[in-house]
Amino acid sequence: MVMLAETTDIQDRSIRAARVTQGLALALAVAGLASIGSGATGVSLFDMLDGLSAREALILWDIRLPRLAMGALVGAALAVSGALMQGLFRNPLADPGIVGVGAGAGLGAVLAIVLGGLLPATLGAWIGPQLVPFAAFLGGWAATIALYRLASRGGSVSVATMLLAGIALGALAGAVTGVLVYMADDRQLRDLTFWGMGSLAGASWAKIAASLPLIVPVLALSPLLARGLNALALGEAQARHIGIDTERLKRITILGVAASAGASVAIAGGIGFIGIVVPHLLRLATGPDHRFLLPNAALLGASLLVLADIFARTLLAPAELPIGIVTALVGAPVFLWILLQRRGIGGL
Amino acid sequence: MLEIGDLCVALAGRQVLHSISLTAQQGQITAIVGPNGSGKTTLLRAMTGDAPFHGHARLNGLDVAQAKLWQLATIRAVLAQATQLAFPFTVTEVVRLGLQSSEVDAQTDLPARALAMVGLASYGNRAFQDLSGGEQQRAHLARVLLQVWQPVGPNGPRWLFLDEPVSSLDIGHQLMVMGIARRFADAGGGVVAVMHDLNLTAMFADQMALLHNGRLAAMGSPHQVMTDGTLSTAYGCPVRVNAAPDHGPWLVPQAMPA
Ligand SMILES: Nc1ncnc2c1ncn2[C@@H]1O[C@H](COP(=O)(O)OP(=O)(O)OP(=O)(O)O)[C@@H](O)[C@H]1O
Ligand SMILES: [Mg+2]
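As the structure is a computational prediction, the values presented were derived from the model and not from experiment.

1. Some thoughts on the overall build of chain B
The helix and strand tally for chain B stands at 9 helices and 12 strands. Here the C-alpha radius of gyration of chain B, 18 Å, is about what a compact globule of 258 residues would show, namely 18 Å. For chain B, with 258 residues in total, the buried portion stands at 52%. The contacts of chain B with a sequence gap of at least 6 include a subset with a gap of at least 24, amounting to 67%. Taken together, the 16 basic and 18 acidic charged side chains of chain B have centroids lying 3 Å from each other.

2. Focus on the coordination of the magnesium ion (ligand 2)
Residues and elements named next belong to chain B. Looking at the magnesium ion (ligand 2), one finds its protein donor set to be Thr41 (OG1) and Gln81 (OE1), positioned 1.9 to 2.4 Å from the metal centre. Placement of the pair is threonine 41 in helix α1 (residues 40–47) and glutamine 81 in the loop between β6 (76–79) and α3 (91–96), with a sequence separation of 40 residues. A residue is classified by how much of its surface remains accessible, and threonine 41, at 25% relative accessible area, is partly exposed. Taking relative accessible area as the criterion, glutamine 81 reaches 40% and is therefore assigned partly exposed.

3. What to know about the interface of chain A and chain B
Counting residues at the interface gives 31 residues for chain A and 39 residues for chain B. Roughly 3000 Å² of surface becomes buried between chain A and chain B when both sides are summed, with 59% attributable to carbon and sulfur atoms. Scanning the region where chain A abuts chain B turns up 0 salt bridges. At the boundary of chain A and chain B, one finds 8 residue pairs in polar contact (both at pLDDT 80 or more). Of all the secondary-structure elements, those providing two or more residues to the side of chain A that touches chain B are α1 (2–36), α3 (54–89), α10 (226–232), α11 (236–242) and α14 (290–314) of chain A. If one sorts the elements of the side of chain A that touches chain B by residue count, α1 of chain A sits on top with 8 residues.

4. A few points about the pattern of salt bridges
Residue and element names in this part refer to chain A. Per the stated rule, a full pass over the model turns up 9 salt bridges over all chains. The partner of lysine 250 in a salt bridge is glutamate 247, with the nearest N and O atoms 3.3 Å apart. Of the two residues, lysine 250 and glutamate 247 are both situated in helix α12 (residues 246–268); the distance of 3 residues between them amounts to about one turn of the helix. On the basis of relative accessibility, which here comes to 9%, the residue lysine 250 falls in the buried class. Taking the shortest distance from any N to any O, the salt bridge between aspartate 309 and arginine 313 comes out at 3.4 Å. Taken together, the residues span about one helical turn, with aspartate 309 and arginine 313 both in helix α14 at a distance of 4 residues. Take aspartate 309: its relative accessible area is 2%, and that puts it in the buried class. By relative accessible area, arginine 313 is classed as buried at 11%.

5. Concerning the site of ligand 1
Residues and elements named next belong to chain B. As a matter of local geometry, ligand 1 sits amid 15 residues, with Arg14, Gly37, Lys40, Thr41 and Thr42 nearest to it. A distance of 2.9 Å separates an oxygen atom of ligand 1 from a polar atom in the side chain of arginine 14. Interatomic distance of 3.1 Å between a side-chain N/O atom of glutamine 81 and an oxygen atom of ligand 1. Contact with the protein chains hides 63% of the accessible area of ligand 1, taken as 640 Å² for the molecule alone. Secondary-structure elements contributing two or more residues to the shell around ligand 1 are β2 (14–24) and α1. For the shell around ligand 1, the element with the highest residue contribution is α1, accounting for 3 residues. Counted by class, the shell around ligand 1 contains 4 nonpolar, 8 polar and 3 charged residues.

6. Observations regarding the packing of aromatic side chains
This structure, assessed with the given rule, holds 5 aromatic pairs over all chains. Ring geometry for phenylalanine 89 of chain A and tyrosine 148 of chain A: centres 5.4 Å apart, planes at 70 degrees, overall edge-to-face. Remark: tyrosine 148 of chain A occurs in helix α6 (residues 131–151) and phenylalanine 89 of chain A occurs in helix α3; sequence separation between them is 59 residues. Between tryptophan 159 of chain B and phenylalanine 161 of chain B the ring centres are 6.4 Å apart and the planes differ by 25 degrees, which places this aromatic pair in the stacked class. Neither residue differs from the other here; tryptophan 159 of chain B and phenylalanine 161 of chain B are each classed as buried. Grouped by ring-pair contacts, the aromatic residues Phe134, Phe137 and Trp141 of chain A constitute a single cluster.

7. Describing the pairing of β2 of chain B
Residues and elements named next belong to chain B. As paired elements, strand β1 (residues 2–11) and β2 share 7 bridges and run antiparallel to each other. Paired with leucine 11 across the two strands is arginine 14, which belongs to β2. Where β1 folds back onto β2 in an antiparallel hairpin, the turn is made up of 2 residues, including alanine 12, whose phi is positive at roughly 50 degrees.

8. Description of the nonpolar core
Core analysis: the biggest nonpolar cluster contains 130 residues, and Phe89 and Met162 of chain A together with Leu160 and Val191 of chain B have the highest contact counts within it. Broken down by element, this core gets its largest block of residues, 18 residues, from α3 of chain A. If we skip the residues at most four places from it in the chain, methionine 162 of chain A touches Phe89, Asn91, Leu93, Ala94, Val99, Leu147, Ala151 and Val157 of chain A. Formed by 28 residues, the second largest nonpolar core is a distinct cluster that contains Ala24, Leu43, Val64 and Leu211 of chain B.

9. Focus: the packing of α3 of chain A against α14 of chain A
All names here are of chain A. At a minimum axis distance of 7 Å, the contact between α3 and α14 shows a crossing angle of 135 degrees. It follows from the interaxial angle that α3 and α14 lie oblique. The element α3 and its partner α14 pack so that their crossing is right-handed. Where α3 approaches α14, its residues Arg67, Leu68, Gly71, Ala72, Val74, Gly75, Ala76, Ala79, Val80, Ala83, Leu84 and Gly87 are matched on the opposing element by His290, Leu293, Leu294, Ala297, Ala298, Gly301, Ala302, Leu305, Val306, Asp309 and Arg313. Tallied by class, the residues present in the contact of α3 with α14 amount to 15 nonpolar, 5 polar and 3 charged.

10. Structural notes on the confidence of the model for chain B
Do not read the predicted coordinates in detail wherever pLDDT is low. In this model, chain B carries a mean pLDDT of 93, and residues with pLDDT of at least 70 account for 97%. Taken together, the chains of this predicted complex give a pTM of 0.90 and an interface ipTM of 0.92.

11. Comments concerning the environment of leucine 131 of chain B
Residues and elements named next belong to chain B. Considering the arrangement of structural elements, one finds leucine 131 in the loop between α4 (110–117) and α5 (133–147). Owing to a relative accessible area of 5%, leucine 131 belongs among the buried residues under this scheme. The spacing of leucine 131 and valine 91 is 40 residues in sequence and 8.7 Å in space, taken between C-alpha atoms.

12. Quick notes on the sheet that holds β1 of chain B
All names here are of chain B. On the basis of which strands lie adjacent, the open sheet formed by 4 strands has the order β2-β1-β4-β5 and antiparallel pairing. One side of each edge strand has no neighbouring strand; the edge strands of this open sheet are β2 and β5 (62–63). Taken together, the 5 bridges between β1 and strand β4 (residues 54–59) define a ladder with antiparallel strand orientation. Bridge pairing in β4 places leucine 2 opposite leucine 59. Running at roughly 120 degrees to β1, α1 makes contact with β1 and β2 of the sheet.

Rules and cut-offs
Residues numbered from 1 in each chain as written. Chains lettered and ligands numbered in written order. Predicted model: local features only at pLDDT ≥ 70, side-chain atom pairs only at ≥ 80, totals over all residues. Heavy atoms only, no water. Helix = DSSP H or I, 4+ residues; strand = E, 2+ residues; numbered from the N terminus. Rg over C-alpha atoms; globule rule 2.2 N^0.38 Å. Buried < 20%, exposed > 50% of the residue type's maximum accessible area, 1.4 Å probe, protein only. Contact = heavy atoms within 4.5 Å. Lys, Arg positive; Asp, Glu negative; His and termini not counted. Charge placed at Lys NZ, Arg CZ, Asp CG, Glu CD. Donors = N, O, S within 2.8 Å, 3.2 Å for Na, K, Ca; no water. Buried area = accessible area lost by both parts, 1.4 Å probe. Salt bridge = Lys/Arg side-chain N within 4 Å of Asp/Glu carboxyl O. Polar contact = N/O pair within 3.5 Å; in protein donor to acceptor, adjacent residues only side chain to side chain. Near = heavy atom within 4 Å. Areas by Shrake-Rupley, 256 points an atom, 1.4 Å probe, with all protein chains shown as cover. Nonpolar A, V, L, I, M, F, W, Y, C, P; charged D, E, K, R; others polar. Phe/Tyr/Trp six-rings, centres within 6.5 Å; stacked < 30°, edge-to-face > 60°. Pairing = 2+ DSSP bridges. Core = buried A, V, L, I, M, F, W, Y, C linked by side-chain atoms within 4.5 Å. Axes fitted to C-alpha atoms, helices over the stretch in contact; angles between N-to-C directions. Parallel < 35°, antiparallel > 145°, perpendicular 65-115°, else oblique. Left-handed = near helix turned anticlockwise from the far one by under 90°. pLDDT = per-residue confidence, 0-100.

Listed below in structure tokens is the structure:
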């Protein structure tokens, strides 16, 4: 009897995770429609249903759809990079935005904007719009590697060191970024302010296309890391005992974190807390198994960021709140809540 | 067969193990004993490929230092002295981590059977982190057993490496776990266990290696190794074997009815 119950419960859990996946896909679709139907011009979904006027088509294709697509893409990338990073550091408080990876990616992006003109023209033309996302990826990658080196010793990660080293790395990257901003000319400065606020306001198909090659592979391939990340929860030596090549796992995971966090920083600036809130909610709902956590994080991250963007656009309409403010308002308390819970169990 | 030859380990610039040579046979329980800091865990970590070493270590003829991790994982499982779980997995989810990759997605009742074996049959859906220390130790043992479920595989005998498998268990569960190791060996597998309890070692081990200051002080059957002189020197306190105290209640597991 007991064995029977066990087997059914495992089925139930994967069934529940599959249901959550379906629910989240539906939620994303609804959020997407709501997003298309709201905006400063007041054109609603119903206006569009009875055939598109030229103005409506323009609003739809050039403003609202790219904004929706970018919101979904960035939300999914942020949530998955958070889940990957937490699996790597074996801690639910690791988030690219909080521990300096976002700042490193930002530094990379600013470097590319300010110094990109110095590149040989042929090279510049060849890399083209990929330059900023790619530079952000490199900056995020360097920051993630530095952070892991600083915070881990003999395969175990000290959380206090991780958070403090993250603060230091973030401050360092921020300071260098500040110097570069001083060096920027007027046109670059406009690019920089536009970008630095953490906003989807600059959404365009070109930006989406530039970030796709970095984000899509991470979203598609991250489930392949699930078994390794699950095993890593036992500790590095124990994961090796089970047969996981932990060195390779860590290298690939760091690349994944840097690619998805870097690309989203490059096109949307620093949008915080999605990477921490989304995996945390999903762990509460369906457990920490990365086989379900990673795909569901992509869906929930996309939905939440699209929703947050609707709030950002409509709350003070026609003025627009930077979306980073909305996510921080919701996310920072959740972060503190996790911190307090973990203080309770002493383990931090 | 496990063959260790001239094995030396240096950690943080300090020589921790000095030229250890020993063999362990399948079908037997080989115990590693010795005082704190004598190098038992380090020896086990070298045998399992976790600690870099000089000399050689071969498991079923496979060079431990060269073998691929997945290769080793199919012939041996390791219970570490301490394990810290990072996320709130359930007990069953933790045990399932021991499943070999070919079986992970299959519906199998093996996790439940492994849990029943260590006396945790109804614990599958509980949060792992809520379990008591001894229950966690047994749940990890269930995971480890799952990894080498058949004591003999296509590539020869499978092996259990256990670092203090009974350290936080009560006497009843100590006997249960040692009985599991015994049956694993009787079925053709090999067991290497770091032990602190000399009574249990005497009762269950076929072979024992006594470490002292990183050297092999004695190796042989419990009869050969457990002498007053050998144990007293190694542990640095007067030890008397097979001597009954003058008064007071006392008990040894050997005297328990089976
Ligand atoms: N990573 C390390 N770096 C430096 N020294 C180490 C390391 N690990 C262990 N040692 C030292 O090596 C010696 C042997 O340690 P080991 O853990 O093997 O002892 P043990 O016999 O398992 O002890 P116990 O009974 O307490 O578990 C100890 O002196 C210890 O301080
Ligand atoms: Mg030890």
